[in-house]
Amino acid sequence: MTRTAEIDYQRLRLDGIYRQNDAGALMLRVKIPAGVFSAEQARKIGDLAERFAGSELHLTTRGSIELHGLRYEDLAPVAVGLAAVGLTSRGACGGAVRGIACSVSGVAGSDRLQTLARRLHRHFTGNPHFEGLPKKFKIGIDADYAGARHLIQDVGLVQVDAGRYDVWLAGGLGREPRAGFRFAEQVDEDRLLPLIEAVVRVYRKHAPAGRRLKFLADRLGEARLRELIRDERRGAPDRFPPPMLEWSSLPGPVAAGWVEVPIFAGEMAAERLRRLADLAAEHGGGFLALTGNQNIAFVPADDAARVAIEKALSAEGLPGGASTAEATLRVCPGSHLCRMGLAPTRDLARQLPAALGPEGQKLSWAVSGCPNSCAQAQLADAGILATHSVKTADGARQPRFSLLRRTDAGLGRAVAENLDLNGLLTAVRNQGEPRPIHHNERRTP
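Each value, and the rule that gives it
Residues numbered from 1 in each chain as written. Predicted model: local features only at pLDDT ≥ 70, side-chain atom pairs only at ≥ 80, totals over all residues. Heavy atoms only, no water. Axes fitted to C-alpha atoms, helices over the stretch in contact; angles between N-to-C directions. Helix = DSSP H or I, 4+ residues; strand = E, 2+ residues; numbered from the N terminus. Contact = heavy atoms within 4.5 Å. Nonpolar A, V, L, I, M, F, W, Y, C, P; charged D, E, K, R; others polar. Pairing = 2+ DSSP bridges. Buried < 20%, exposed > 50% of the residue type's maximum accessible area, 1.4 Å probe, protein only.

Asker: Got a sec to walk through the packing of helix H6 (residues 213-220) against helix H7 (residues 222-233)? Specific residues and values, please.
Answerer: Between H6 and H7, the shortest axis-to-axis distance is 6 Å and the interhelical angle comes to 115°. From H6, Leu213, Ala217 and Leu220 reach across to H7, where they touch Glu222, Arg224, Leu225 and Leu228. Among the residues making up the contact of H6 with H7, the classes are represented as five nonpolar, no polar and two charged.

Asker: Describe the sheet that holds strand E8 (residues 155-161), and please don't skip the residues or the numbers.
Answerer: Pairing is mixed in the open sheet, where five strands are placed in the order E6-E7-E8-E9-E10. Both edges of this open sheet fall to strand E6 (101-102) and strand E10 (181-188), since each of them pairs with a single strand only. Looking at chain direction, strand E7 (residues 139-142) and E8 are connected through four bridges and run parallel. Looking at the pairing, isoleucine 141 lines up with leucine 157 of E8. Each of strand E9 (164-169) and E10 is contacted by H7, which is oriented at about 40° to E10, the strand it contacts most.

Asker: With reference to specific residues and values, describe the pairing of strand E2 (residues 26-30).
Answerer: Among the five residues that make up E2, five are buried, leaving the element largely enclosed by the rest of the structure. Because side chains alternate across E2, one face comprises the buried residues Leu26, Leu28 and Val30, and the other comprises Met27 and Arg29, equally buried. Both strand E1 (residues 17-19) and E2 contribute to a ladder of three bridges, which runs antiparallel. Each bridged residue has a counterpart across the sheet, and for tyrosine 18 the counterpart in E2 is methionine 27. Here E1 folds back onto E2, and the loop between the two strands holds six residues, one of which, glycine 24, carries a positive phi near 100°. Where E2 and strand E5 (residues 65-70) come together, four bridges link them in antiparallel fashion. Directly across from arginine 29, in E5, lies its bridge partner glutamate 66.

As structure tokens, then:
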């Protein structure tokens, strides 16, 4: 067994691997292009999770899958297993262009969005010109403004018409959340890749180590950042040729509608993923989709396939269908599995239903175990964020929380801070009903 002192954890990051704890456990994040993967790929991930990750896996809010509890010696066979089905973890962590987050909710044009996301995935993954960046670089593609995820991306693309996108830059969460600004409107699809390349190059040249693009926007100002991007694009191709892949070759919206399976806190057993993969192969066109709310969706070919999927899910004890996606609860792994975690987020999430009043049950919720906010607490109607910990009289450390509310088209803001667990649950119970968010509201730059 390799000793932890001999492992270069920093170098491992570019291969999608983080140090999970001081005992030598590792987390590996699998990039799933556009959040859509085949039944064969799902089975392989389930097999690898069973063999190396304690038969468990975690679905992220960006359409990726994490395997926890790996040892250094496990990394090579896991990488070989992923490559055998066309998957990789390269660039899923560290200073690289991360996995391309894509809203896959069965809305009109989602197949086109997936094609664009896959194209960006192929272009940036493993490309040495876009690795070794000062910090992570996140790109997100959304079908509309409903989820507001464009606000937290380094580059957020929002479809406003078929093949045309608004481009948002320099958003991010963490200890210093910053909503992105609208850089351009109605950009043709074939102009996006050269533009994104220029943004990444400007970021590499001008941002100090450990800082994201939002730092440049704050330090230089949006006007100067625009100038640098304009100068970087001078002399470079303005358009890239269209992709060869037809839009219809990827799963898109169908008359029967997508069937979404809620996965509590993104926590999933390997065997269940394999069973869902078998169901997708039989009735879902051979594909599964990961949603931004840590759920799994099927794409039935017709109403008969939809009925068959829902019947099989019921036999498994799993609800499925549009109605099950109404109550949203996003949860990061927290201190259960992450060395950055300050709070046991899954335990907290299990206590929430009993604490929610009638109004609270109408809201979407997100629970983040540290200020990094991987569960995107600032984008939920109500978010819980572990901000720090304090030492108690017996020497133990206890987390402290902020309760956030999102009442407009921007990021959620704290309505209560420095709460212990009891204080947090009391604050949750006392939440009233502020002005509802109009999700089609477009935030001006």
